[in-house]
Amino acid sequence: MPAVVLGVGGGIAAYKACELLRLLTESGHAVRVVPTASALHFVGAATWSALSGQPVSSQVWDDVHEVPHVRLGQQADLVVVAPATADLLAKAATGQADDLLTNTLLTARCPVVFAPAMHTEMWEHPATRANVATLRERGAVVMEPADGRLTGADSGKGRLPDPAQIFELATQVLGRGAQALDLAGRHVVVSAGGTREYLDPVRFLGNRSSGRQGYALASTAVARGAEVTLVAANVARPDPTGVKVVPVVSTAELRDAVLHAAQTADAVVMAAAPADFRPVERVEHKIKKAADGSVPPLALTQSDDILAELARDRPHPGAVIVGFAAETGDDEGDVMAHATAKLARKGCDLLVVNDVSGGKVFGSGDNEAVVLGSDGSRTPVVRGSKAALSHVVWDLVSARLASARPDPADPPG
Ligand code: CTP
């Protein structure tokens, strides 16, 4: 039975950790709850003890013969801190150990997931930003807080992520065992969806991309410990948990957002389908039908190739650049011939190739692919979920990053 320590910080969102605790215990995890003294102002020890079926303590002076301040961390398979307050993040970042939870964080050698909750000003304060960056560099997963209603009348970024989503992340991390957080300390950028090029205020040129593959890439990267920026073009899906989402509309906006985020990225995965052409001119008013039935001319110009630009200019040296290609065979060559030529033309490090002959893959929940490497490697991916394909992509990215720079993730907290 996997051993989980649930650390609870002193914030009003502590009540939501009860639901997380239920999800963990009901799915067969042995959970030891370690609330801070301030957390007990919000939810009492009796609740934690009853829900977990385990003794509960905040300080190191109970059951001293069992040396709990060392044992709990050493024996845990996962530590989840929810809510992680600004104070708790600061203590963890500076290695303070003045209660049972902070001692546990120092002794844990397993993956550590922080689910922050605080007011927007506290989350955005340079001190918190620096503490979060330090923890991520050391290999901890610090989820992005959700946007929405905070305590009191204000709203903004700082809400505790949904307990079901923290649970999902926790079980994904546990499921991957020792390799769980191979992207910890890395920043990855994923683009998703299809761009739109407006002709007038209501009409656009677009494509059928649903964004599902890009969203799966973002979620799986979070579960492997990465800080994730998701540049999303017109995707009608809820934001994946723990991801910074940058919404865009056109290819030009997608380019700006990706190039900006890529300056600090260890990997950029272009899963979006940018419109290759845009109208030369966007008309400010709705184009009316002419009385004589004449059709307005549609003059198009080609958009910038973002993937080729990233691969050529390398905004962050050493970053792994990944493209996607949906190909069909034709008189000029088969799918692999087109894909190999595209890999060379774009200059990226990896190209995920989907054979879409006969409408395969589009709109489907599953995916089958071959990943071509600039080193001549070929990695076939059998038909499976978009999450499974995403993990293969991150395996390949992670291996390239590890060979270029040693894993920063040691120790985790
Ligand atoms: N891509 C990009 N910028 C564009 C077009 C495509 O960055 N303006 C990226 C896509 O995100 C994808 C890869 O390039 O990762 C391949 O896209 P694809 O549409 O197959 O490439 P094209 O260069 O448009 O090739 P084709 O002529 O075969 O459509």
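Residues numbered from 1 in each chain as written. Predicted model: local features only at pLDDT ≥ 70, side-chain atom pairs only at ≥ 80, totals over all residues. Heavy atoms only, no water.

## Considering the overall build of the chain
Phase 1: For the chain, the helix and strand inventory stands at 14 helices and 19 strands.
Phase 2: A compact globule built from 413 residues should have a C-alpha radius of gyration of about 22 Å, and the chain, at 24 Å, falls within 12% of that.
Phase 3: Considering only C-alpha atoms, the chain reaches an extent of 85 × 50 × 35 Å along its principal axes.
Phase 4: For the chain, with 413 residues in total, the buried portion stands at 49%.
Phase 5: Across the chain, the fraction of contacts at a sequence separation of at least 24, relative to all contacts at a separation of at least 6, is 70%.
Phase 6: A total of about 18700 Å² of accessible surface is found on the chain, and carbon and sulfur atoms cover 53% of it.
Phase 7: Within the chain, one finds 38 positive and 46 negative side-chain charges whose respective centroids are separated by 3 Å. (Helix = DSSP H or I, 4+ residues; strand = E, 2+ residues; numbered from the N terminus. Rg over C-alpha atoms; globule rule 2.2 N^0.38 Å. Buried < 20%, exposed > 50% of the residue type's maximum accessible area, 1.4 Å probe, protein only. Contact = heavy atoms within 4.5 Å. Areas by Shrake-Rupley, 256 points an atom, 1.4 Å probe, with all protein chains shown as cover. Lys, Arg positive; Asp, Glu negative; His and termini not counted. Charge placed at Lys NZ, Arg CZ, Asp CG, Glu CD.)

## Digging into the sheet that holds strand S16 (residues 320–327)
Phase 1: In space, the eight strands of this open sheet follow the order S12-S11-S8-S13-S16-S17-S18-S19, with mixed pairing throughout. In the strand order of this sheet, the two ends are held by strand S12 (244–248) and strand S19 (378–385), each with one partner. Averaged over all neighbouring strand pairs, the angle between strand axes comes to 20°, with direction disregarded.
Phase 2: In the packing of helix H11 (residues 251–262) onto the sheet, the strands contacted are strand S8 (187–193), strand S11 (227–233), S12 and strand S13 (267–270), and the crossing angle to S8 comes to about 170°.
Phase 3: This element, helix H14 (residues 386–404), spans S8, S13, S16, strand S17 (350–355), strand S18 (366–373) and S19 of the sheet and lies at about 150° to S19. (Pairing = 2+ DSSP bridges. Axes fitted to C-alpha atoms, helices over the stretch in contact; angles between N-to-C directions.)

## Some remarks on helix H4 (residues 68–75)
Phase 1: Considered for burial, the residues of H4 that qualify are Pro68, Leu72 and Gly73. Axial view of H4: buried residues confined to an arc of 120°, hence all on one face.
Phase 2: Tucked into the core, H4 has its buried residues touching strand S1 (3–8), strand S2 (30–35) and helix H6 (100–107). (Arc of directions from axis to C-beta.)

## With respect to the pairing of S19
Phase 1: Judged from the six bridges that link them, S18 and S19 form a sheet pairing that is antiparallel. Counted as the bridge partner of Asn367 is Gly384 from S19.
Phase 2: The antiparallel hairpin formed by S18 and S19 contains four residues in its connecting segment, where Gly376 sits at a positive phi of about 90°.

## Comments concerning the nonpolar core
Phase 1: Judged by nonpolar contacts, the single largest core of 66 residues is most densely connected at Trp394 and Val397.
Phase 2: Broken down by element, the residue count for this core peaks at seven residues, all from H14.
Phase 3: Formed by 29 residues, the second largest nonpolar core is a distinct cluster that contains Val189, Leu254, Ala265 and Ala272. (Core = buried A, V, L, I, M, F, W, Y, C linked by side-chain atoms within 4.5 Å.)

## Comments concerning the site of the ligand
Phase 1: Around the ligand, the neighbouring residues are Met270, Ala272, Pro274, Asp276, Asp304, Asp305, Ile306, Leu307, Gly323, Phe324, Lys342 and Lys346.
Phase 2: Between an oxygen atom of the ligand and a main-chain N or O atom of Ala272, the distance comes to 2.7 Å.
Phase 3: Of all elements in the fold, only helix H12 (306–313), S16 and helix H13 (335–346) reach the threshold of two or more residues within the shell around the ligand.
Phase 4: Taken together, the residues that form the shell around the ligand break down as six nonpolar, one polar and five charged. (Near = heavy atom within 4 Å. Polar contact = N/O pair within 3.5 Å; in protein donor to acceptor, adjacent residues only side chain to side chain. Nonpolar A, V, L, I, M, F, W, Y, C, P; charged D, E, K, R; others polar.)

## With respect to the pairing of strand S7 (residues 155–159)
Phase 1: Bridge count for strand S6 (residues 146–149) against S7 is four bridges, and the pairing is antiparallel. The partner of Arg149 across the bridge, within S7, is Ser155.
Phase 2: Between S6 and S7, which pair antiparallel one after the other, the connecting turn spans five residues, and Gly152 there sits at a positive phi close to 80°.

## Remarks on unusual backbone geometry
Phase 1: Residues Ala82 and Pro83 are joined by a peptide bond in cis, for which omega reads 0°.
Phase 2: Within the secondary structure, Pro83 is located in strand S3 (residues 78–84).
Phase 3: At Asn234, a residue that is not glycine, the phi angle is positive and equals roughly 55°.
Phase 4: Following the sequence through the fold, Asn234 ends up in the loop between S11 and S12.

## Side note on the packing of H4 against H6
Phase 1: Packing of H4 against H6 leaves a shortest axis separation of 7 Å and a crossing angle of 50°. The angle between H4 and H6 places the two elements in the oblique class. For the pair H4 and H6, the sense of crossing is right-handed. Each of Pro68, His69, Val70, Leu72, Gly73 and Gln74 in H4 lies in contact with H6, whose residues at this interface are Leu100, Asn103, Thr104 and Thr107. (Parallel < 35°, antiparallel > 145°, perpendicular 65-115°, else oblique. Left-handed = near helix turned anticlockwise from the far one by under 90°.)

## Considerations on the packing of helix H1 (residues 14–26) against helix H3 (residues 45–52)
Phase 1: Relative to each other, H1 and H3 sit at 15°, their axes nearing to 10 Å. In terms of axis orientation, H1 runs roughly parallel to H3. Where H1 crosses over H3, the two elements pack in a sense that is right-handed. Contacts between H1 and H3 involve Ala14, Ala17, Cys18, Leu21, Arg22 and Thr25 from the former and Thr47, Trp48, Leu51 and Ser52 from the latter.
Phase 2: A class-by-class count of the residues in the contact of H1 with H3 yields six nonpolar, three polar and one charged.

Purely spatial values, then, with no claim about function.
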